[in-house]
Amino acid sequence: MRYRADPPALLQIVPLDSLTAIYHRRSGQTHLVAEPVPEILAALGEGGDLTDILAQLGLQDAPDAREALAARLDEMIATGLVTAS
C-alpha cells in the first residue's frame, strides 16, 4: 500500500509546545496532533510505502515499527491528512 499526504502548500503547520496545529486547507479543518504525526507528514514527501516511510524517519524496518507506523497512518487516513492506494 502507498501512502500520500497533500502537498505542503495545502497544510499550514504550526508547532505549539508539545502539540502541533495543522490547518488542512482542502477540508478547512484544523487538527491538533502530537508526535509522530508532523514527522510522518514530513517523511511522506512524494508518498511511499511503509518501508519508504520508515527509512525517511530513520527507523529500522522491524515488525513492531511497521505495526506502529501502520496504526498511525490509519489514524491519519481517518482524519483526512493521509490517503492510501
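The structure under discussion appears in the preceding block.
Residues numbered from 1 in each chain as written. Predicted model: local features only at pLDDT ≥ 70, side-chain atom pairs only at ≥ 80, totals over all residues. Heavy atoms only, no water.

Asker: How should I be thinking about the side chain of His31 in this particular structure?
Answerer: Note on placement: His31 falls in strand β4 (residues 29–33). Owing to a relative accessible area of 10%, His31 belongs among the buried residues under this scheme. Those residues in contact with His31, other than ones at most four positions away along the chain, are Thr20, Ala21, Ile22, His24, Thr79 and Leu81. (Helix = DSSP H or I, 4+ residues; strand = E, 2+ residues; numbered from the N terminus. Buried < 20%, exposed > 50% of the residue type's maximum accessible area, 1.4 Å probe, protein only. Contact = heavy atoms within 4.5 Å.)

Asker: Where do I start with helix α3 (residues 63–79) in this structure?
Answerer: Every α-helix winds through 3.6 residues per turn, so residues three or four apart in the chain are directed the same way. In a regular helix each residue adds 1.5 Å, so 17 residues correspond to 24 Å; α3 covers 25 Å between its end C-alpha atoms and thus fits that length. Those residues of α3 not exposed but buried are Leu69, Ala70, Leu73 and Met76. Projected down its long axis, α3 carries its buried residues within an arc of 125 degrees, all on one side. Those residues of α3 that are exposed and angled more than 90 degrees off the buried face are Pro63, Asp64, Glu67 and Ala78. (Expected span 1.5 Å × (residues − 1). Arc of directions from axis to C-beta.)

Asker: What's the story with the packing of helix α1 (residues 37–44) against helix α2 (residues 50–57) in this structure? I'm lost.
Answerer: Running from N to C, α1 and α2 point in directions that differ by 110 degrees, and their axes come no closer than 9 Å. Taken together, the axes of α1 and α2 lie roughly perpendicular to each other. Crossing hand, α1 versus α2: right-handed. Here α1 contributes Glu39, Ile40, Ala43 and Leu44 to the contact with α2, which in turn contributes Ile53, Gln56 and Leu57. Residues that form the contact of α1 with α2 fall into these classes: five nonpolar, one polar and one charged. (Axes fitted to C-alpha atoms, helices over the stretch in contact; angles between N-to-C directions. Parallel < 35°, antiparallel > 145°, perpendicular 65-115°, else oblique. Left-handed = near helix turned anticlockwise from the far one by under 90°. Nonpolar A, V, L, I, M, F, W, Y, C, P; charged D, E, K, R; others polar.)

Asker: Please clarify how the sheet that holds β4 should be interpreted in this entry.
Answerer: The strands making up a sheet associate through backbone hydrogen bonding, with each pair oriented either parallel or antiparallel. The strand order across the open sheet formed by three strands is β2-β3-β4, and the pairing between neighbours is antiparallel. With partners counted over all chains shown, the strands left at the sheet margins are β2 (11–16) and β4, one partner each. Strand-to-strand twist across the sheet, computed as the mean angle between neighbouring axes with direction ignored, equals 20 degrees. Looking at chain direction, β2 and strand β3 (residues 19–24) are connected through six bridges and run antiparallel. Bridge pairing links Ile13 to Ile22 in β3. In the packing of α1 onto the sheet, contacts are made with β2, β3 and β4, and the angle to β3 comes to roughly 50 degrees. (Pairing = 2+ DSSP bridges.)

By themselves, these are just geometric observations and shouldn't be taken as functional.
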